[in-house]
Amino acid sequence: DKIELLNKVGFEWGRCHQPWEMMYEKLVSFVQGFGHARVPHQFPPNPSLGMWVERQRQDYKNYKKGDSSSMTEDEIQLLNRVGFKWERSD
């Protein structure tokens, strides 16, 4: 059966946040390199990081309003820990 085959090849169940964690690590690297967490929306060295940051801001707004959001309290705490700016400052 399919589940057995996935287990045999080492499939990791419950890793749905892996992409979030990978992007968070890229944010941490950005903070270490630049000394702040204000990733520009257009960030040529890593365009996906700028888009991810914008998505976190939108998810946070939805979370605070009680709307549908994938944001968790743990993610909010992790982002706050690196000085994440919830408002865009162009």
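Residues numbered from 1 in each chain as written. Predicted model: local features only at pLDDT ≥ 70, side-chain atom pairs only at ≥ 80, totals over all residues. Heavy atoms only, no water.

J.: Help me out: how do you make sense of the overall build of the protein chain in this one?
T.: Secondary structure assignment for the protein chain yields four helices and zero strands. In the protein chain, the share of contacts with a sequence separation of at least 24, taken over all contacts with a separation of at least 6, comes to 46%. When the accessible surface of the protein chain is split by element, carbon and sulfur atoms take 53% of a total near 6500 Å². (Helix = DSSP H or I, 4+ residues; strand = E, 2+ residues; numbered from the N terminus. Contact = heavy atoms within 4.5 Å. Areas by Shrake-Rupley, 256 points an atom, 1.4 Å probe, with all protein chains shown as cover.)

J.: Would you mind going over the nonpolar core with me for this structure?
T.: Here is a general trend for soluble globular proteins: nonpolar side chains tend to be buried in one another's company. Tyr-24, Leu-27, Val-39, Leu-49, Trp-52, Leu-79 and Trp-86 are the most contacted members of the largest nonpolar core, which has 20 residues in total. Elements represented by at least two residues in this core include exactly helix H2 (18–34), helix H3 (47–65) and helix H4 (73–81). The element that contributes the greatest number of residues to this core is H2, accounting for seven residues. Discounting residues that sit within four places of it in the chain, Leu-27 has contacts with Ala-37, Val-39, Leu-49, Trp-52, Leu-79, Val-82 and Phe-84. (Core = buried A, V, L, I, M, F, W, Y, C linked by side-chain atoms within 4.5 Å. Buried < 20%, exposed > 50% of the residue type's maximum accessible area, 1.4 Å probe, protein only.)

J.: Looking at this structure, I do not really get the pattern of salt bridges. What am I missing?
T.: It is possible for side chains bearing opposite charge to pair when their charged atoms get close. Going through the model one piece at a time under the given rule, you end up with three salt bridges. Residues Lys-65 and Asp-67 are paired through a salt bridge, measuring 3.6 Å at the closest nitrogen-oxygen approach. (Salt bridge = Lys/Arg side-chain N within 4 Å of Asp/Glu carboxyl O.)

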